[in-house]
Amino acid sequence: MKVVAAYLLAVLGGNTSPSADDIKGILGSVGADCEDNRLELLLSEVKGKDITELIASGREKLASVPSGGGVAVAAAPSAGGAGAAPAAAEAKKEEKVEEKEESDDDMGFSLFD
């Protein structure tokens with residue numbers, strides 16, 4: 001990931017086709033190193049390609065990957081919906097009790113009078 005990040009930083013900086021030395025320089029400036037085989041693999045994969053097209057293609061591929069979270073979230077409210085109403089009623093009842101206790105504590109005078 002750090003090699004990809006360094007490549008993207010170089011592209012954002014205006015270098016449309018960063019070399020291995022450019023990427024190593026970016027990583028070296030923050031004290032990071034990289035494996036040469038990963039760097040060469042990245043450079044061979046992106047050689048001659050437009051970075052915006054690569055990013056758009058990647059987004060399309062990620063959109064088709066199921067994340068699994070949506071179904072569980074949608075099912076949770078319907079399953080627990082029946083139990084939520086009594087809990088809300090109990091919370092309102094407790095709030096009313098607390099209000100009575102607070103009114104007893106002021107003893108008929110205010111601190112700001």
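Refer to the structure above for everything that follows.
So, how was this worked out
Residues numbered from 1 in each chain as written. Predicted model: local features only at pLDDT ≥ 70, side-chain atom pairs only at ≥ 80, totals over all residues. Heavy atoms only, no water. Salt bridge = Lys/Arg side-chain N within 4 Å of Asp/Glu carboxyl O. Helix = DSSP H or I, 4+ residues; strand = E, 2+ residues; numbered from the N terminus. Buried < 20%, exposed > 50% of the residue type's maximum accessible area, 1.4 Å probe, protein only. Core = buried A, V, L, I, M, F, W, Y, C linked by side-chain atoms within 4.5 Å. Axes fitted to C-alpha atoms, helices over the stretch in contact; angles between N-to-C directions. Parallel < 35°, antiparallel > 145°, perpendicular 65-115°, else oblique. Left-handed = near helix turned anticlockwise from the far one by under 90°. Contact = heavy atoms within 4.5 Å. Nonpolar A, V, L, I, M, F, W, Y, C, P; charged D, E, K, R; others polar. Patch = residues over 30% accessible without salt bridge, like charges linked within 9 Å, V, L, I, M, F, W, Y side chains within 5 Å. Areas by Shrake-Rupley, 256 points an atom, 1.4 Å probe, with all protein chains shown as cover.

**Student:** Report on the pattern of salt bridges, specifying residues and quantitative values.
**Tutor:** Counted by the stated rule, this structure contains 3 salt bridges. Here Lys2 and Asp33 are joined by a salt bridge, their closest N and O atoms 3.8 Å apart. Placement of Lys2 in helix H1 (residues 2–12) and of Asp33 in the loop between helix H2 (20–29) and helix H3 (36–46) is noted, with a sequence separation of 31 residues between them. Accessibility expressed as a relative area gives 43% for Lys2, which makes it partly exposed. Lys24 is the partner of Asp36 in a salt bridge, and the nearest nitrogen-oxygen pair spans 2.9 Å.

**Student:** Outline the nonpolar core, supporting the account with residue identities and numerical values.
**Tutor:** Ranked by internal contacts, the top residues of the largest apolar core, which has 13 residues, are Val3, Tyr7, Ile23, Leu27, Leu39 and Leu43. At the level of elements, H1, H2 and H3 are the ones that each hand at least two residues to this core.

**Student:** Give me the packing of H2 against H3: which residues, what numbers.
**Tutor:** Each pair of packed helices can be described by the angle between their axes along with the distance between the axes. Between H2 and H3, the shortest axis-to-axis distance is 10 Å and the interhelical angle comes to 125°. Regarding the angle of H2 to H3, the classification is oblique. As H2 runs across H3, the sense of the crossing is right-handed. Of H3, the residues touching H2 (which contributes Ala20, Ile23 and Lys24) are Asp36, Leu39, Glu40 and Leu43. Residues that form the contact of H2 with H3 fall into these classes: 4 nonpolar, no polar and 3 charged.

**Student:** Please provide a residue-by-residue account of a nonpolar patch on the surface, values included.
**Tutor:** A cluster of nonpolar residues, Val4, Leu8 and Ile55, forms a patch on the protein surface that exposes about 200 Å² of accessible area. Secondary-structure assignment places Val4 in helix H1. Given the relative accessible area of 36%, Val4 is considered partly exposed.

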